[in-house]
Structure formats: C-alpha cells, structure tokens
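An overview of the molecular structure
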Amino acid sequence: MLQGGGALGAYQAGVFEALSKVYREPTWVAGISIGSINAALIAGNKAASRITRLREFWELVSSANQPPALAPSAAIRETLNEVSATNGMLFGVPGFFAPRFPPAPFQARGTLEAISYYDTAPLRQTLERLVDFDLINSGSVRLSVGAVNVRTGNFEYFDSAKQRIDVRHIMASGALPPGFPPVEIDGEHYWDGGLVSNTPLQYVLDQPGKRHRVVFQVDLFAAIGALPTTLAEATEREKDIRFSSRTRLNTRMELDRQVIAQAARRLIAKLPAALRDDPDVRALSRVRCEGAVDVVHLIYRSKHYESQSKDYEFSRLSMQEHWGAGRADMAHTLHDPRWIHHEPSATGVHVFDLTSDSPSSARANP
C-alpha cells in the first residue's frame, strides 16, 4: 500500500526493490497519488522488469537536476534543494508535467486549462510507455488506486478486480489541484485521492477475504517530528501533520474494527445454542470479519536539510537518497529478528514498525 507524497515516492521504489528480493510475487498493489504511479509500474510489468521500469521513471523525472560532483554541506544542500524545487515549479518536471502557457488565469473560463497550472500530458505519455495495461487487466496482480469525484466529493477506488484500468485512472489518482487538472472518466471528473485519505489501508481491509494477509504500508509523511524553529520548518511540519493525520486515524480505526469483529466472532462461538438466534447476536454475526492481518509499516523520515518543498523537489540527488532510504529501511525490517521469528496467527491484527525510533516499535492487537 503506497501513500501519496510526490517526489518522496522514490522511497517507495527503494522499499519495493528490497522487498522483491525476499518475497514472491505480490498479489495486490494499492496506491494513491504518486503511490498509484508506483503501483501501476509494479502491477503493469513482469517481475523481471519492475525495478528497471521504476528506475526509468524516477531517473526521467529527476533528470533536470543532476547531483553535484562533491557532496555539499547541509546548508548548501538546503539551498540546492530549494533551487531545484523552484525550477520544477517554473519549468515543470520531465516526463511528468509542464507549465501552461498562457497561465491558468488567462485561459478560457470553464476549461480544464483554467483550473490548473500545469499540463500533465507528459505523464500520460510516460505511463503509456512504461506500463502494460493489458497485463494489469489480465488479473496477474490486482491494482487499486484511489481518487475523489470533483462533483460529489466522494472517494472512489478504481480496482482491476472490478473494472478495466487504463492510464486515466492512474492520472486521476494523482491529479492534485490546483497544480494538475482533474481527469474525466465516464462523464465524471476526478482529483487526487489524497484530498480525502492519503493511504489505501481502509479500502484494502474493507475487501472480503478469509486468508491471512501480510500488508506492507509505505507512508511518506511522518506524524512525529520536532518543534519547528523557523517559518520554513513550521510549513514543513504542518504538511507532515496534514498528510499523516488521516492516515493515522484510518489506520487506527481499521485495525480496531478488525480486532472488534474478530472478538465478536469468538464470543458468538462460545454462546449456547439457545442464544444463537437472538437479534443482537444475529446483528453481531453480520459484522464483517477477515482473517489475521500483519501490517508492516514503513515511514519515510525527512533529512534535516529537507524543507516544505520536499514533495515537489525532484533533483537526482534527492531521488537517489529517497530510493536508498527506502531500500535500507525495508532490508532492515526484513532482517529484524522480531519479523523473522514472528509466528503468523490465525486471528488478530499485528502491526510492525521496525524502523521507528520509539523504544517499542512492534505491537500487536490480539
């Protein structure tokens, strides 16, 4: 499950690179915003070419700002990052988006050009080149991406298990306003799913299934952070809280719901036959109950020189660092004794956050 977060999405690519060396073929990939793009690159390619396609995408979008010959100091690096982010805002990002000309205020009222600063036609071309949508729709790996209906405000998932997926669904999931235009699908227009929820956990756990599930949840904004010391740090911290808060709420609610549903099932099994037909018991029996779930949670944690522009700063050096951080965090998790030696349970929800700085980084809800 891949969260939205723009340029930080290279972290997810690194996570998947490390994961793919240990685990067999994934059965399902779900994403929102940049997570939906990474998810499409994974589900829309054969196993042998997934990392190549992910790297091709991330090297393309970071090609405008190559790394310096020598590693700069933190202060210089912060300045370089801001210059890179400003370049992206002014001139666009290769293979992703380009500024409109004339700008949106000078476009005809009522057009998509009038409500977005950038043209995402480059992204359409990139996705059509790097993603095999016939493979996605073959059912080899399930793909689900979230978007928001602009007219109704309702959250909607496009799911290859339920409908045919094409490039529009991926672009809709990443159409963050007012930068990007909404995407029209079957007469409705859709914006970035991160406007409602930045992680697909709720949708994944809402889908019926009795088998034990191992879910890797890869988030790009950390809820925990230090007190800001400057206005720039305050802006960055506000963004972290805004994009992580709904994720934390949804995660906690979904995990609690799973625990309650499983407890209700066990309780009903203990009741005498005379009580099985009680209306309250029948109501409890209808509560959806899934099999055991292991959630492995990985969260990108910002470098001290990154600022509020970190999610739209597409320099090659930052991309390489994000990718490397994801690869290292996933490798660390997979080799942690608490993960290696844990016993899969038939019931319950178990959450593993093995890269956390907290003293207790693995917890379980029996």
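Preceding block: the structure.
This section reports on the structure supplied with the text.

Reading the values: the criteria
Residues numbered from 1 in each chain as written. Predicted model: local features only at pLDDT ≥ 70, side-chain atom pairs only at ≥ 80, totals over all residues. Heavy atoms only, no water. Buried < 20%, exposed > 50% of the residue type's maximum accessible area, 1.4 Å probe, protein only. Helix = DSSP H or I, 4+ residues; strand = E, 2+ residues; numbered from the N terminus. Polar contact = N/O pair within 3.5 Å; in protein donor to acceptor, adjacent residues only side chain to side chain. Contact = heavy atoms within 4.5 Å. Core = buried A, V, L, I, M, F, W, Y, C linked by side-chain atoms within 4.5 Å.

A closer look at helix 2 (residues 34-43)
In terms of residue burial, helix 2 counts as a mostly covered element, since 10 of its 10 residues are buried. If you check which residues of helix 2 are buried, you get Ile 34, Gly 35, Ser 36, Ile 37, Asn 38, Ala 39, Ala 40, Leu 41, Ile 42 and Ala 43.

Some remarks on the side chain of Ser 173
Position of Ser 173 relative to the elements: it lies in helix 7 (residues 167-173). A polar contact is formed between the side chain of Ser 173 and the side chain of Ser 36, at a distance of 3.3 Å. Within the local environment of Ser 173, its side chain forms a polar contact with the backbone oxygen of Gly 146, the two atoms lying 2.7 Å apart. Non-local contacts of Ser 173, meaning those with residues more than four positions away in its chain, are made with Gly 31, Ile 32, Ser 33, Ser 36, Val 145, Gly 146, Ala 147, Asp 192 and Gly 193.

Focus: the nonpolar core
Formed by 64 residues in total, the largest nonpolar core has its most connected members in Ile 37, Phe 57, Trp 58, Phe 96, Leu 143 and Ile 170. Formed by 10 residues, the second largest nonpolar core is a distinct cluster that contains Met 1, Val 293, Val 295 and Val 349.

Re the environment of Trp 339
Tracing the backbone shows Trp 339 in helix 12 (residues 337-340). Residue Trp 339 is classed as buried on the basis of its relative accessible area of 6%. In sequence terms Trp 339 and Gln 320 are 19 residues apart; their C-alpha atoms lie 27 Å from each other. In this structure Trp 339 touches Tyr 23, Val 214, Phe 216, Asp 294, Val 296, Thr 333, Leu 334, Phe 352 and Leu 354, once residues within four positions along its chain are discounted.

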